[in-house]
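# Reading the structure
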Amino acid sequence: MSSTLSTIDEPVPHHSGIAWKLSLWWMILRTALEERFVYRGDFVLGTLMRFLPIITQVFLWSAVFDAIGQVEGEKAAEIGGYQFPDMVAYYLLTMIARAFSSMPSLASGISQQVRDGEIKRYMIQPIDFIGFLLLTRVAHKLAYYTIAILPFALVFYLCREYFVDGWPPLNVFFSFCASLVMGFLIGFFFEALIGMIGFWFLEVSSLLFVMMLFSFFLSGHMFPLTMLPDGVEGLVNFLPFKYLAYFPAAVFLGKVPEEELPMELAVEAAWLVFFVVACRVAYARGVRRYSGFGG
Amino acid sequence: MNELPVRPNYWKVFLTFARNSLVRDMTFRTNFLLQCVSSVGWTAMNVGFYLIIFQHTASIGEGTGWDRDRFFLFIATTWFINSLVQAFFMPNAQEFSELIRTGGLDFALLKPIDTQFLISFRRIEWSALSNFASGLVIAGYALWSLATRDIDPMIPSWWSVLLYVVFILCGVVMMYSLMICLSATSIWLGRNQSLYNFWFYITNFSRYPMEIYDKGWGKPLYGFFTFVIPILLVVNVPARLLAKPISPRTNWEWQMVGLAVIATVLSVLISRWVFRLALGSYRSASS
C-alpha cells in the first residue's frame, strides 16, 4: 500500500496537447473497432440481407420500364432522367450513401443520456461530448466498412452491367467521395442536433420518427428526386435531406452537370457548417439549462 | 370428487386479452395517438411514392392490367393483411423470443391452456389497426374510381367481395404461420433479434403483383416464394379476386386460388409442428 501512496506525492502531469489528444482518439477508435469485430457472423449476414429489398425494387422498376416501352437501346425510356440500368445503379449507390449518412440511434441515444443524467460524465471529464460521439461513429463506420466491403463488392460486381458508363472521370469521382464524407458529417450533426432537443423536451422519439419519415422520402432513398413534380422538386432541392442519399448517387452517375458540381458541393459544405454551428450552440445552451441531480 | 379436466373458453380468454391490451393502450393515450399518426404518415409516404410512379407509367408491368386503380386495390390488400398481422401477432412473436431468452416461457407452459394459443394472442397492438383504416380509405377510393371511370368501368360482384374477405383471412393465417416458425427458431438460437428485419425483408416480396418476378432470374424467386414459402399468394390471390372481373378467368388463376387454400392449411399444420418441435427442445433459461 505504501508504495502506491508515495506516487501520489508527485504532481500528476496535466495532460493536454496534440500527443495526448491523439492517443485519446486512438483509444476511442480501437475500442469501437474491437466492439464491432465481436459479432462478425451476424454482421455479414445482416449486411447481405440489406440487399434483399433492392431485388424487389429492381423487379418493380423493370416492370414499370417494360410498361412504358423500350427498355434498352438508343430510344430507351427515361423516368426523371433515369433509364432502367441507371435506376438500379442509383439504388445501389444510395445504399452506399445511406451507409455513410445514417446514424442509427444517435439522436435517441443523446436524448436518453440527457434524460437519465449520464451526460454529466462529459461535463466533468476532459472529453468533448460531441467530439467523442463523432469519433465513436467514425470508428463504427470504419469497422463496418472493413467487413462490409466484401458483400458490397460482391453485389456491385454482380450488378456491374447496370453501371452503363462505367467509372466516372476522376474529378467526378473525387466529388462523389467528398459528397459522401460531407453526407456522413451532415447526417451526424443533423441527428445530434435533434438529440440536443432532448435538453428542452425530455422525449424526442415522436419528433424523431417524423424526421425519419421525411428524410426517408425526401433524401431520395425511395426514388430519384428528379421524379418529383417540378414545383416540389425545386423545394426539395433547397432542403438538406438530399445530401443523405440522392446527391452522392446523382454525382456518381453524372446526373449533376460537371460545371455545376463545385457550386453544389459548396452548398453542401454550407449546410454542413450550418449544422455544426447549430449543434454546438444547442449543446452549449442545453448544458447551461441542464441541472443534474444526485449521482 | 370427480374432477373434470378444465377446458378454457378460448374465445373468452381472447376477449380478455383484447380488453387488457386496450386498457393498457388507453393508459398512455398520447403515445397511442402518436403511433397511429406515424403509421398513417408511413402510409402516406408509400402512397406518394406510387402516385409518383403512376405519373410516369400507366401500369406496373406490360400487359399485366395492374393500372393505377387496380394497383391501389393491391396496396390496400397489403395494408389490410399487414395491419392485422402487426396488430395481433407481431407483438406476441417478439415477446415470445424474449420469453425464451429470459425463461419466462416456463410460466406459459404451466398454464392450463394451449401454449401456442397463449403465446400468439397475449397482446394486441390496437394502434396497428390504424393502418387497416388507411387500407379502407385507399380501397374505397380505388373501387370508386374503378366504378366511375369512362373506359372499362368495373363494379365487383358480391361473390368476389366475399372471396376477397375469405382469402384475406387466408393470407393473414399464412403470414401468422410464417411468423410462428420464425420466432420458434429463437428456441434453438437463444434469441432472434433480427426477427423483425427478416420479416420486413421477406414481406417486401409480397408487396407487388407476382407477374413482375416472372421473368429472367426472377423465375426461381417466383417459384420459391409461391410453392415453398407461399408469401406471394398472400396478397396476390385476394387482390386479384377483387381487382379483376371474376368471369373471364384463366385456368392458371383458379389453380392459384386452389393453391392458396392448400397453402393455408399446410402452413398452419407446419407451423404447429415446428412450434411443438421447438418446445420439445426448450430448456428453461432460469435456475
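Here the structure is a predicted model, which means the values were calculated and not measured. Residue indices follow the written sequence of each chain, beginning from 1 at its first position. Numbering of ligands from 1 and lettering of chains from A proceed in the order in which they are written. The model is predicted, so local features are restricted to residues of pLDDT at least 70 and side-chain atom pairs to those at 80 or more, both for listing and for counting; the totals for chains, interfaces and linings are taken over all residues. Remark: hydrogens and water are excluded; side-chain values derive from all non-hydrogen atoms of the structure.

### Looking at unusual backbone geometry
Residue and element names in this part refer to chain A.
- Despite not being glycine, Ser105 shows a phi value in the positive range, around 55°.
- Under the DSSP-based scheme used, a helix requires at least four consecutive residues in state H or I and a strand at least two consecutive residues in state E, with every element numbered from the N terminus. Counting through the fold element by element, Ser105 comes out in the loop between helix 5 (84-101) and helix 6 (106-115).
- Look at Ser105 and you get exposed, because its relative accessible area is 54%. Partly exposed residues are those whose accessible area sits between 20% and 50% of the maximum for their type, while under 20% is buried and over 50% is exposed, using a 1.4 Å probe and protein chains only.

### Some points on the UniProt feature "transmembrane region" (unreviewed entry) in chain B
All names here are of chain B.
- UniProt positions are given in the numbering used here, feature names are shortened, and annotations may be inferred rather than shown by experiment. Mapped onto this structure's residue numbering, the UniProt feature "transmembrane region" (unreviewed entry) falls at residues 32-51, 71-89, 128-147, 159-189, 221-242 and 254-275.
- Strand forms 0% of residues 221-242 and helix 91%; the C-alpha atoms that close the span are 25 Å apart.
- Strand forms 0% of residues 254-275 and helix 100%; the C-alpha atoms that close the span are 32 Å apart.

### Describing the interface of chain B and chain A
- Opposite the 27 residues of chain B that make contact, chain A presents 31 residues.
- Of the roughly 2,800 Å² buried between chain B and chain A, counting both surfaces, carbon and sulfur atoms make up 81%.
- Criterion for a salt bridge: a side-chain nitrogen of Lys or Arg within 4 Å of a carboxyl oxygen of Asp or Glu. At the surface where chain B touches chain A, the tally comes to zero salt bridges.
- In protein, a polar contact means a hydrogen-donor-capable atom and an acceptor-capable atom, both N or O and within 3.5 Å, with residues adjacent in sequence counting only if both atoms are side-chain atoms; elsewhere, any N or O pair within 3.5 Å suffices. Applying the counting rule to chain B against chain A returns one residue pair in polar contact (both at pLDDT 80 or more).
- Of all the secondary-structure elements, those providing two or more residues to the side of chain B that touches chain A are helix 2 (29-56) and helix 10 (195-205) of chain B.
- Here the side of chain B that touches chain A takes 11 residues from helix 2 of chain B, the largest share from any one element.
- In terms of residue class, the side of chain B that touches chain A is made up of 15 nonpolar, 10 polar and two charged. Contact definition: two residues touch when any of their heavy atoms are within 4.5 Å. Buried area is calculated as the accessible area (1.4 Å probe) missing from two parts once they are joined, with the contributions of both summed. Lys, Arg, Asp and Glu make up the charged group, whereas Ala, Val, Leu, Ile, Met, Phe, Trp, Tyr, Cys and Pro make up the nonpolar group; the residues left over, Gly among them, are polar.

### Considering the packing of aromatic side chains
- When the centres of two rings from Phe, Tyr and Trp lie within 6.5 Å, Trp using its six-membered ring, the rings pair. Their planes under 30 degrees apart give stacked, over 60 give edge-to-face, and anything left gives tilted. Enumeration over the complete set of coordinates arrives at 52 aromatic pairs over all chains.
- Taken together, a centroid distance of 5.2 Å and an interplanar angle of 65° make the contact between Phe59(A) and Tyr213(B) edge-to-face. In this pair, Phe59(A) sits in helix 4 (residues 52-68) while Tyr213(B) sits in the loop between helix 10 and helix 11 (219-228), so the two residues belong to two different chains. Here Phe59(A) matches Tyr213(B) in class, with each residue buried.
- Between Tyr50(B) and Phe71(B), the aromatic rings sit 5.2 Å apart at their centres with planes inclined by 75°, giving edge-to-face as the arrangement. Of this pair, Tyr50(B) sits in helix 2 while Phe71(B) is found in helix 3 (residues 68-88), placing the two residues 21 residues apart along the sequence.

### Thoughts on the nonpolar core
- In these notes, a set of buried Ala, Val, Leu, Ile, Met, Phe, Trp, Tyr and Cys residues joined through side-chain atoms within 4.5 Å is what counts as a nonpolar core. Of all hydrophobic cores here, the largest spans 175 residues; its most connected members are Trp61(A), Met196(A), Phe223(A), Phe49(B), Ile60(B) and Leu105(B).
- Here this core gets 15 residues from one element, more than from any other, and that element is helix 8 (residues 158-184) of chain B.
- Filtering out sequence-adjacent residues up to four positions away, Ile60(B) remains in contact with Leu60(A), Ala63(A), Val64(A), Ile53(B), Phe54(B), Trp66(B), Phe71(B) and Ile212(B).

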